[in-house]
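Fold and contact review
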Amino acid sequence: MFTKQKAMIKIRCYIALLLVVLIVFGFLAYGTGGRFNAMSPENQLLEPSLNHLFGTDVFGRDVFLRTVRGFMNAFLLAILSWIIAFGFGIPLGIFFAYVGGLADAIFYHVCNFVFSFPTMVLAIYLASASDAKIPILIFLTSFALIFSNAKIVRALVKSLIKENYMIQLQIIGAGFWHMTRYHLLRESILNLLPIMPLMIGHIILGISSFSFLGFGIQPPEAEIGLLLSENFKLITIAPWTCLLPGLFQFLIIWALSYLGEMTRKYYTKEGVSHDEF
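1. Notes on the nonpolar core
In this structure, Phe 71, Ile 204 and Phe 248 are the most contacted members of the largest nonpolar core, which totals 59 residues. Among the elements that line this core, the one with the most residues is helix H2 (residues 63-99), at 15 residues. Those residues in contact with Phe 248, other than ones at most four positions away along the chain, are Phe 25, Phe 54, Thr 67, Val 68, Phe 71 and Ile 224. Among the nonpolar cores identified, the runner-up in size contains 6 residues, and Phe 96, Phe 107, Val 114 and Ala 150 belong to it.

2. As for unusual backbone geometry
Trans is the prevailing form of peptide bonds, just as negative phi is the prevailing case for residues other than glycine. Of note, the amide linkage connecting Pro 219 to Pro 220 takes the cis form, showing an omega dihedral of 10°. Considering the arrangement of structural elements, one finds Pro 220 in the loop between helix H8 (196-212) and helix H9 (224-231). Here the phi dihedral of Leu 45 falls at roughly 50°; this positive angle occurs in a residue that is not glycine. Mapping Leu 45 onto the fold places it in the loop between helix H1 (2-30) and H2. Residue Leu 45 is classed as partly exposed on the basis of its relative accessible area of 27%.

3. Observations concerning the packing of helix H5 (residues 133-160) against H8
The geometry of H5 relative to H8 is characterised by a closest axis approach of 10 Å and an angle of 140° between their N-to-C directions. Of the possible angle classes, the one that applies to H5 and H8 is oblique. As for the relative orientation of H5 and H8, their crossing is right-handed in sense. Residues Leu 137, Leu 140, Thr 141 and Leu 145 of H5 touch H8, and the partners they reach there are Met 199, Ile 203, Ile 207 and Phe 210. When grouped by side-chain class, the residues that make up the contact of H5 with H8 number 7 nonpolar, 1 polar and no charged.

4. Concerning a nonpolar patch on the surface
On the surface, Leu 247, Phe 250, Leu 251, Trp 254 and Tyr 258 cluster together into a nonpolar patch covering about 530 Å² of accessible area. Its location among the elements puts Phe 250 in helix H10 (residues 240-268).

5. Describing the side chain of Ser 40
Along the chain, the position of Ser 40 falls in the loop between H1 and H2. Polar contacts involving the side chain of Ser 40 include one to the side chain of Glu 42, which spans 2.9 Å.

6. Describing the confidence of the model for the chain
The predicted model of the chain averages 85 in pLDDT, with 94% of residues at 70 or higher. The low-confidence segment residues 270-277 (pLDDT under 50) makes 20 contacts with residues lying over four places distant or belonging to another chain.

7. A look at the layout of surface pockets
The space that makes up the largest pocket amounts to roughly 430 Å³. Ile 15, Leu 18, Met 196, Pro 197 and Leu 259 are the residues nearest the centre of the largest pocket, which is lined by 22 residues in total. Every element with two or more residues in the lining of the largest pocket is listed here: H1, H2, H8 and H10. At 8 residues, H1 tops the list of elements feeding residues into the lining of the largest pocket. Class assignment for the residues of the lining of the largest pocket results in 21 nonpolar, 1 polar and no charged.

8. Digging into the side chain of Asp 57
Within the element layout of this structure, Asp 57 appears in the loop between H1 and H2. For Asp 57, the side chain forms a polar contact with the main-chain nitrogen of Phe 59, separated by 3.0 Å. One polar contact links the side chain of Asp 57 to the main-chain amide nitrogen of Arg 61, over a distance of 2.8 Å. Aside from chain neighbours lying at most four places away, what touches Asp 57 is Gln 44, Leu 45, Val 63, Arg 66, Asn 231 and Thr 241.

9. Looking at the environment of Arg 181
Checked against the element boundaries, Arg 181 lands in helix H7 (residues 176-192). Given the relative accessible area of 60%, Arg 181 is considered exposed.

10. Describing helix H4 (residues 119-129)
Every buried residue of H4 is accounted for by Ala 123, Leu 126 and Ala 127. Within H4, the buried residues cover an arc of 100° as seen down the axis, which keeps them to one side. Turned more than 90 degrees away from the buried face of H4 sit Tyr 125, Ser 128 and Ala 129, all of them exposed. The elements touched by buried residues of H4 are H5 and H8.

Thresholds applied
Residues numbered from 1 in each chain as written. Predicted model: local features only at pLDDT ≥ 70, side-chain atom pairs only at ≥ 80, totals over all residues. Heavy atoms only, no water. Core = buried A, V, L, I, M, F, W, Y, C linked by side-chain atoms within 4.5 Å. Buried < 20%, exposed > 50% of the residue type's maximum accessible area, 1.4 Å probe, protein only. Helix = DSSP H or I, 4+ residues; strand = E, 2+ residues; numbered from the N terminus. Contact = heavy atoms within 4.5 Å. Axes fitted to C-alpha atoms, helices over the stretch in contact; angles between N-to-C directions. Parallel < 35°, antiparallel > 145°, perpendicular 65-115°, else oblique. Left-handed = near helix turned anticlockwise from the far one by under 90°. Nonpolar A, V, L, I, M, F, W, Y, C, P; charged D, E, K, R; others polar. Patch = residues over 30% accessible without salt bridge, like charges linked within 9 Å, V, L, I, M, F, W, Y side chains within 5 Å. Areas by Shrake-Rupley, 256 points an atom, 1.4 Å probe, with all protein chains shown as cover. Salt bridge = Lys/Arg side-chain N within 4 Å of Asp/Glu carboxyl O. Polar contact = N/O pair within 3.5 Å; in protein donor to acceptor, adjacent residues only side chain to side chain. pLDDT = per-residue confidence, 0-100. 1 Å grid on protein atoms, 1.4 Å probe; cavity = no way out; pocket = protein on both sides within 12 Å on 5 of 7 lines; lining within 4 Å. Points joined across faces, edges and corners; volume = space filled by probe spheres on them. Arc of directions from axis to C-beta.

Shown next as structure tokens:
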């Protein structure tokens, strides 16, 4: 019990630290006006220093402020995409697992088709057909995740409805809505929440990839993938304009992945109940 409590305290401290970091980044990104985009020709390509932690780019803009702004833009979009995937994935997974039969089999194959479909081809088509880049970005990052969450929930619910207590509930006349409200929904949420940090990290990487290729966030707004695309030509003369934003993103994604893995291990550890989590 002491070991479990110690692990939970560690997770909560880690979450609190991440929240503090995100609050600071949020202030730097959105509480400093347009400083992230302020050009200063006399400060072109300055090396990293106390005044400019990540140096400056070819327009004299502060790379650190642009990196933080870019990360927060991607992070907020990732949260929105995850909420959409969470909200649609759980009901889909519960419904088809409970219904079963042909409908469930078709849904299973639809999920596999979505996972195998080349997202980049869809991104190119949508980007060429519309100028609404942000809605397209949200759609691309949440669409596959909806089916991923649904497939996870589907597998969970199919195992739950075979449990003795669920069979007894059906015998005494409990219907779909009763079992969903009091059992299936709660279990589904508790099984998806531990992987939330990992999924957020993956979505951020997806957003950066699309932005790097020109399908995501557009100038004059900032995003780390966009920064790498803009400054890649400077890699030999001003490497900090590429390497430091890339390292920043790597560390943030690693921190989110570590939190997700730590939470998953705690949650799946033998003897840890849902109430303790």
